[in-house]
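Spelled out, the chains give:
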Amino acid sequence: MAADVTKHYPFFSYWQKVTLLLWLIAAVFFTLSDTEIISLEPWSELLRMAEGFMTPDFFATEYLLESLWQTVSFALLGVVGGLLFGVPLSFLYSNRLVAAFCAVTRSIHEIFWALLFLQVFGLSPITGILAIALPYGATFARVFNDILIQAPHTTTQTLPANTDRISRYFYGRISHVLPSILAYVRYRFECALRSSAVLGFIGMPTIGFYLETAFRQGNYHEGAALLILFIALIGTIGYWCRPKLILFYILAGLYTLPTIPSVDGMLLWRFITVDILPPVLLHVEHWHQIDLNLVNQLLSWAQKLFFTQALPGLAITLLLALSALAMAHIIALFSSAFSSRKLAGPVLSSCVKFGLLVLRSVPEYIFAFIFMMLLGPSMLPAMLALALHNGALIAYLTVRQSDTLEVSADYNGRLDGYCYEVLPQIYPNLMGLVFYRFEVILRETAILGMLGVATLGFYIDSGFAEIRYSSALFLLVCTAMLNIVVDMISRRLLITNINQQMTCSGNHQASPKTLGSAC
Amino acid sequence: MITFENLTLKYADKLAIDSLSLTIEAGEKVAIIGTSGAGKSTLLAHLYLLLKDNAAYCSQKQGLVDGLSTYHNVYMGALAKHHWVYNLANLITPFKKPLSEVNDLCRKLELDFHLSKKLSTLSGGQRQRVALARALYQEQSIFIGDEPFSALDPIMAKRLLDLVFARHETVIMVLHDKSAALTHFGRVIGLSQGQLKLDIPHGEITSNHIDELYSGSVAEIVPETLNHA
Amino acid sequence: MRLINIVALLLLSTLSSAAFATVFTFTAIPDEDESQLRTRFDKVAEYLQSQLGVDVRYIPVKSYSAAVTAFRNNQVQLAWFGGLSGVQARRLVPGSEAIAQGYEDQFFKSYFIAHHSADILPSENFPNLNGYTFTYGSKGSTSGRLMPQFFIERNLGKKAENVFTRIGFSGDHSRTIAQVQAGAYQVGAVNYKVWERALAKGIVDLDKVDVIWQSPTYPDYQWTVRKGVNETFGADFKTKLTKALLDMKDPQLLASFPRKSFVAAENADYQPIENIAKIIGLID
């Protein structure tokens, strides 16, 4: 069929096909989802929210500066930890085991890592920093490896023949990609600030601790103030996070870390040997006690969990994530056009860019919360929240690229000119980001689970709330599986095409095959 | 110095070099000419593969690193001379000795700006000279260059060619400038469709030889393109 | 040099944590207002410190399950738990004891509230909730989840998921009120004290949402102390602690919980809660 399409519509390009496919799938998923609008009288609550934003109360929060600083400190130390862990792994990433390990690590949301570490380290800064460092390290490993693969080989060919391997690697490969690696680390630091704030939702002493309480309890004056501060913190990263200050920040962060409760090795042991075991295995003391009956019990436990929680959770997660992905794609497409200097005037472009900053800084949780008041407790608020946040992020990254693009001398600055000259250049990258974000959206459905949308995250959260770590772990494994499958599919979609592009543009030159040579 | 007989090289399906036999002696200055697609660059890359222990290669692809300074891009020619720890330290802050050496070399190549300048800010001609500087900084006895002066004006190209000759015992170079090949090189090799069509020592070449080479190959190609159309 | 500094810092921080091991630590989440937690409960810590003669520290937590985890890991030795979380904590750390409860917690109750469009009239009898949409509070709450679910299932004779067309967890009593008032859910269950406070604050519009049923009373919040405190903090520490809690009369301190006063309690008081949690299936 694909061949037919190509034959009858020769100008129907690869990306048009992918886009159409994405929209088709999302449209089907959207109609299958629960998108009922059931809020009858949200106005009094929304009015209180609006009042909160009109008159934010910056003095309502205790230890405000401390929590802002801890937000930065956790993010920074988390990223440093992630680098320590991710950089070595990125060199080993071609190993399938390493890649699988990283995929599993990435697929679990920071919140759930923190909830796991909470059992072992307690309410300790180690919990928060590791919860950021681990998934970020796994992401670094993958992205650095991707970037390194794309480094041109031409330089190593012109180096002196006897150059040692290390110098060859650093001068010939790393130096090519170092700017993009640093840019990526900078971008991830912004993400880490968000993660750090979100970890406050479960008890880390960051700004999220107070933000979540304020919104949950309806203290909108306080919540609005915290949100404004947080957006300002992210919007001004460029001003306060100077490369020269980073070492100082790291040392200050280490120094001002909240006290670390002594780590008890027994807790880890207990967590592995008792907490995460399915209830039927708890009373087993010797291996020979394991018999067919026990295995049956174990299977029926797993089966019940799978059919009553994992499968419905999986379905809702996919419905939600894919619908949100297509919405995010549309939002990104339009907002990146209207915030591009190539199309919009300076005023419009700055306004849209500010809007994008707000949308990408605010945690989805808060959006979902507001939309839930407005639209009722269906999946729609969660979809919109995910779509707005991720769409804004994709648009922001796309505009960074489109603003530096060169256009021809007779570029007309209108929509048609944009579609001819700019869009074709940024579109593959935009789609790449969309597919990459899908993995993130899947993970982030977890947070919305905490708001009551019955995603996998909802059931995992219930597992933790009911102190049933075995169920939580079982569901986490299911989540990891889902993410690995999605990762494989999106990589296949992207890599096939990126390879095509490379061969077309001649980046990959076939090496000459020597048939016969006599010296 | 190097000899091969009946060399055949192929890209995936296309024949690049077709049973070619050649001998080059140490001390020779060889120019290689021919139309595009004649197999010049392939031959050159192969020569480098065989001679790489004593040769500096200035490829058409340049292999420059945009994110690094001019100094570092030139310094890369000396990577093999130093321990990797020295190289890495030098990546962070340049050492004085190589810095002054590279500086001198760059002055000779008329790269008159501060060496900390990022490569991405340089013009095409400047980039080509940085690539040349890297090859010169290797200080090998053989220089293998693939159109190293294509982006430069003829006067500067001539001056730099003299510099290359002064610093290398043997020079093998692909040239697009026929007259430079005639006047400066001791030997001119002409390729057409992967075959050796011309191999004449200095003094015996006239521009007629070269014109024949170019027109001959054109004459051979034309019917084929017509068939395609 | 820098590396040495960092290592020294890390060593110092572990040393300081070891020094804190003899600090008596407690946590508490009030059922109503969670703002200014540290400021308010640091005063409680001060009070306890003056009564007990040991260093007392308060650590804030976000959820009942986090409080239970901290209690289980001996990060806190005393906690102000809800009915259900107290039961969970004492099951995980055998030998721990409920030593005091709030005066109001002896006869705590939940309110079922409904949006006016649902047309359910307030009644003494349990309302017929079949076919409505319903929201609990947070998943681990006694008054917002456990007891309401129990009453629904006992009175209507079937599992809650078969009663309602949609079930949600608002996450908090204040949320439950806001969502039912907005009509997002037709019916919800709340802690009666939170409802009355919201009413007093004037954020409830009785034309839109009202109480339709009051639950029978049950025991709720309590102070639970970890086993082994006497070994760490002195032979009669538990007795002294109980006395200090029961003697807490300062209205400003009591307002943090908020309770009229504290009265004695024991583990057996919470047996009904444990039984119900087992019936519902929240504990095995």
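Now for a quick tour of the structure. None of these values were measured; they are calculated from a predicted model.

## Brief notes about the overall build of chain B
When you go through chain B residue by residue, the secondary structure sums to 8 helices and 8 strands. For chain B, the C-alpha atoms occupy an extent of roughly 60 × 40 × 35 Å along the three principal directions. When each of the 229 residues of chain B is scored for burial, the buried share is 50%. Within chain B, contacts between residues at least 6 apart in sequence are counted, and of these 65% link residues at least 24 apart. By element, 54% of the accessible surface of chain B is carried by carbon and sulfur atoms, the whole surface being about 10400 Å². Across chain B, the 22 positively charged side chains and the 24 negatively charged ones have centroids separated by 10 Å.

## Digging into the interface of chain A and chain B
At the junction of the two partners, chain A supplies 29 residues and chain B supplies 38 residues. Taking both partners together, chain A and chain B bury about 2800 Å²; carbon and sulfur atoms supply 64% of that area. Taken together, the links from chain A to chain B amount to 0 salt bridges. Put simply, chain A and chain B have 7 residue pairs in polar contact (both at pLDDT 80 or more) between them. Elements that contribute at least two residues to the side of chain A that touches chain B include exactly α8 (154-158), α9 (165-199) and β1 (513-516) of chain A. Counting residues per element, the side of chain A that touches chain B draws most heavily on α9 of chain A, which supplies 8 residues. Of the residues in the side of chain A that touches chain B, the class split is 12 nonpolar, 15 polar and 2 charged.

## Quick word on the sheet that holds strand β8 (residues 195-201) of chain B
Residues and elements named next belong to chain B. An order of β4-β5-β6-β3-β7-β8 is seen for the 6 strands of this open sheet, with the pairing classed as mixed. With one partner strand each, in any of the chains shown, β4 (55-58) and β8 form the two edges of the open sheet. Each strand of the sheet is rotated relative to its neighbour by a mean of 15 degrees, with strand direction disregarded. Contacting β3 (29-34), β4, β5 (142-146), β6 (170-174) and β7 (187-192), helix α1 (residues 40-51) crosses the sheet at an angle of about 155 degrees to β5. Helix α6 (residues 154-167) contacts β3, β5 and β6 of the sheet and is inclined by roughly 145 degrees relative to β6.

## So, the interface of chain C and chain A
Between chain C and chain A, the residue contacts involve 53 residues of the former and 64 residues of the latter. If you look at where chain C meets chain A, you find 10 salt bridges. Across the pair Arg-38 of chain C and Glu-66 of chain A runs a salt bridge, and its minimum N-O distance is 3.6 Å. Scanning the region where chain C abuts chain A turns up 33 residue pairs in polar contact (both at pLDDT 80 or more). Elements that contribute at least two residues to the side of chain C that touches chain A include exactly α1 (2-19), α2 (37-52), α3 (64-72), α4 (83-92), β7 (166-169) and α7 (173-181) of chain C. Of all the elements, α1 of chain C adds the most residues to the side of chain C that touches chain A, at 6 residues. Broken down by class, the residue content of the side of chain C that touches chain A amounts to 17 nonpolar, 20 polar and 16 charged.

## As for the packing of aromatic side chains
The final tally for this structure, using the stated rule, is 58 aromatic pairs over all chains. Here the aromatic rings of Phe-306 of chain A and Phe-307 of chain A are separated by 5.3 Å at their centres, their planes lie at 90 degrees, and the arrangement is edge-to-face. A centroid spacing of 5.3 Å and a plane angle of 85 degrees characterise the contact between Phe-24 of chain C and Phe-233 of chain C, whose relative ring orientation is edge-to-face. Here the residue Phe-24 of chain C occupies a position in strand β1 (residues 24-28), and Phe-233 of chain C occupies one in helix α9 (residues 229-233), the gap between them amounting to 209 residues. The buried category is assigned to Phe-233 of chain C, whose relative accessible area is 13%. One aromatic cluster is present, built from ring pairs that chain together Phe-26, Phe-41, Tyr-58, Trp-80, Phe-108, Tyr-111, Tyr-192, Tyr-218, Tyr-221, Trp-223, Phe-257 and Phe-262 of chain C. Across the ring face of Tyr-63 of chain A, the terminal group of Arg-38 of chain C is positioned such that the distance to the ring centre comes to 3.6 Å. Directly above the ring of Tyr-192 of chain C sits Lys-109 of chain C, whose terminal nitrogen or CZ lies 5.4 Å from the centroid.

Calculation notes
Residues numbered from 1 in each chain as written. Chains lettered and ligands numbered in written order. Predicted model: local features only at pLDDT ≥ 70, side-chain atom pairs only at ≥ 80, totals over all residues. Heavy atoms only, no water. Helix = DSSP H or I, 4+ residues; strand = E, 2+ residues; numbered from the N terminus. Buried < 20%, exposed > 50% of the residue type's maximum accessible area, 1.4 Å probe, protein only. Contact = heavy atoms within 4.5 Å. Areas by Shrake-Rupley, 256 points an atom, 1.4 Å probe, with all protein chains shown as cover. Lys, Arg positive; Asp, Glu negative; His and termini not counted. Charge placed at Lys NZ, Arg CZ, Asp CG, Glu CD. Buried area = accessible area lost by both parts, 1.4 Å probe. Salt bridge = Lys/Arg side-chain N within 4 Å of Asp/Glu carboxyl O. Polar contact = N/O pair within 3.5 Å; in protein donor to acceptor, adjacent residues only side chain to side chain. Nonpolar A, V, L, I, M, F, W, Y, C, P; charged D, E, K, R; others polar. Pairing = 2+ DSSP bridges. Axes fitted to C-alpha atoms, helices over the stretch in contact; angles between N-to-C directions. Phe/Tyr/Trp six-rings, centres within 6.5 Å; stacked < 30°, edge-to-face > 60°. Lys NZ or Arg CZ within 6 Å of the ring centre and 35° of its normal.

All we've got here are geometric facts, nothing functional implied.
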